[in-house]
Amino acid sequence: MGEKIECAKCTKIVCGTSRTGNQGPSNCPTGIKRDVIQRVLLEYDKPEVREFARQASIQEFECYINLPEGWTPRNPRVEEVAQFAKKMGYKKLGIAFCGGLPDEARTLTTILENRGFEVVSVCCKAGAIDKERIGITKEQKIGGPGSFESMCNPITQAEILNSEGTEFNILVGLCVGHDSLFFKYSHALCTALIVKDRVFGHNPVAGLYLSGTYYRKLMRKEPFDSS
Ligand code: SF4
């Protein structure tokens, strides 16, 4: 193993404008991971991957408008999702949503249907399987012992959308970890429109923005204990 790759700590970030990476730090992956970078390029040569990546970059480009005062962003993410799906020629979209965000899922469905898409949506609680089935104890139920509580069921969500042949799946507020399983089992490529954050109104970056002030407790050091 060579030097640890730590782009997140880089103070140069020249990779966006320099071809060689020579101006980056000594642990710059553009310089020391050339074998990986070259190997990955072959992946982009696969026609379906290349087209997806190409359209995503066109989508990125089209999200700015060059005004006299400078380049200005113009599309909210929900608009981008619809525009990108159209670029890819998708007709049938899937929505995997959290049971806590039914209004958002309904609104998104309307927005997409208004643009001509066929939309299939599945709630995370579909299947109504008791949480105890995966080893959750009565004490670990949010509603308390004795309550019936359906487990979030992201694999079922993915498989239902797979069975419906959706071409692109959109996540709406799935929990941390449940989203991971959905990504793993979905046949179609996915994008997240909403990521759950119960404190910050599904805007998790607010926690980072506030980590120097009101939420500086996020920056505390604590011993690593995975138990
Ligand atoms: S790729 Fe190189 S230049 Fe870019 S952020 Fe990482 S270390 Fe910095």
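Fair warning: this is a prediction, and the values are worked out from it, not measured in the lab.

## Some details on the overall build of the protein
- Along the backbone of the protein there are eight helices and six strands.
- Ordered by position from the N terminus, the helices and strands of the protein form the series α-α-α-β-β-α-β-α-β-α-β-α-β-α.
- Across its three principal directions, the C-alpha atoms of the protein cover 60 × 50 × 40 Å.
- The buried share of the protein, taken over its 227 residues, is 30%.
- Of the contacts made within the protein by residues no fewer than 6 positions apart, 51% connect residues no fewer than 24 positions apart.
- Only carbon and sulfur atoms are counted for the fraction: they give 56% of the accessible area of the protein, which is about 15,300 Å².
- Of the charged side chains in the protein, 30 are positive and 27 negative, and the gap between their average positions amounts to 4 Å.

## Quick look at the packing of helix 3 (residues 47–62) against helix 4 (residues 77–87)
- At a minimum axis separation of 10 Å, helix 3 and helix 4 run at an interaxial angle of 140 degrees. When the interaxial angle is binned, helix 3 and helix 4 end up oblique. For the pair helix 3 and helix 4, the crossing hand works out as right-handed. Residues F52, Q55, A56, I58, Q59 and E62 of helix 3 lie in contact with helix 4, whose contacting residues are E80, Q83, F84 and K87.
- Taken together, the residues that form the contact of helix 3 with helix 4 break down as four nonpolar, three polar and three charged.

## Thoughts on the site of the ligand
- In the vicinity of the ligand, the residues found are C7, C10, I13, V14, C15, P25, C28, P29 and T30.
- In terms of residue class, the shell around the ligand is built from eight nonpolar, one polar and no charged.

## Description of unusual backbone geometry
- Of note, the phi angle at A128 is positive, near 50 degrees, even though the residue is not glycine.
- For A128, a relative accessible area of 47% gives the class partly exposed.
- With a phi close to 60 degrees, H202 is a non-glycine residue in the positive phi region.
- Residue position: H202 is located in the loop between strand 6 (190–194) and helix 8 (205–209).

## Quick word on a nonpolar patch on the surface
- Taken together, the side chains of V36, V40, L41 and Y44 define a hydrophobic patch exposed on the protein surface, amounting to about 310 Å² of accessible area.
- Mapped onto the fold, L41 is located in helix 2 (residues 34–44).
- Among the residues examined, L41 registers a relative accessible area of 43% and is labelled partly exposed.

## Re the environment of I37
- With respect to the helices, strands and loops of the structure, I37 is situated in helix 2.
- Residues I37 and E60 lie 23 residues apart in sequence; the distance between their C-alpha atoms is 22 Å.
- Contacts of I37, omitting those with residues within four sequence positions, involve P29 and T30.

## A few points about the packing of aromatic side chains
- In the structure shown here, the tally under the stated rule is five aromatic pairs.
- Measuring from centroid to centroid gives 5.0 Å for F52 and F84, while their planes differ by 85 degrees, and the two rings are edge-to-face. Within this pair, whereas F52 is found in helix 3, its partner F84 is found in helix 4, the two being separated by 32 residues in sequence. Taken individually, F52 and F84 each receive the classification buried, so the pair is uniform in this respect.
- A network of ring pairs unites the aromatic residues F52, F84, Y90 and F168 as a single cluster.

## Here we look at the sheet that holds strand 5 (residues 168–172)
- Taken in spatial order, the four strands of this open sheet run 4-3-5-6, and their pairing is parallel. Two strands close off the open sheet at either side, each with one partner strand: strand 4 (118–123) and strand 6. If you compare each strand with its neighbour and ignore which way they point, the axes differ by 25 degrees on average.
- Note that strand 3 (residues 92–97) and strand 5 share five bridges and pair parallel. Considered in strand 5, the bridge of G94 is made with N169.
- Those strands touched by helix 4 are strand 3, strand 5 and strand 6, and its axis lies near 155 degrees from that of strand 6.
- Across the sheet, helix 7 (residues 178–185) lies against strand 3, strand 5 and strand 6, angled at about 175 degrees from strand 5, the strand it touches most.

Definitions and cut-offs
- Residues numbered from 1 in each chain as written.
- Predicted model: local features only at pLDDT ≥ 70, side-chain atom pairs only at ≥ 80, totals over all residues.
- Heavy atoms only, no water.
- Helix = DSSP H or I, 4+ residues; strand = E, 2+ residues; numbered from the N terminus.
- Buried < 20%, exposed > 50% of the residue type's maximum accessible area, 1.4 Å probe, protein only.
- Contact = heavy atoms within 4.5 Å.
- Areas by Shrake-Rupley, 256 points an atom, 1.4 Å probe, with all protein chains shown as cover.
- Lys, Arg positive; Asp, Glu negative; His and termini not counted.
- Charge placed at Lys NZ, Arg CZ, Asp CG, Glu CD.
- Axes fitted to C-alpha atoms, helices over the stretch in contact; angles between N-to-C directions.
- Parallel < 35°, antiparallel > 145°, perpendicular 65-115°, else oblique.
- Left-handed = near helix turned anticlockwise from the far one by under 90°.
- Nonpolar A, V, L, I, M, F, W, Y, C, P; charged D, E, K, R; others polar.
- Near = heavy atom within 4 Å.
- Patch = residues over 30% accessible without salt bridge, like charges linked within 9 Å, V, L, I, M, F, W, Y side chains within 5 Å.
- Salt bridge = Lys/Arg side-chain N within 4 Å of Asp/Glu carboxyl O.
- Phe/Tyr/Trp six-rings, centres within 6.5 Å; stacked < 30°, edge-to-face > 60°.
- Pairing = 2+ DSSP bridges.

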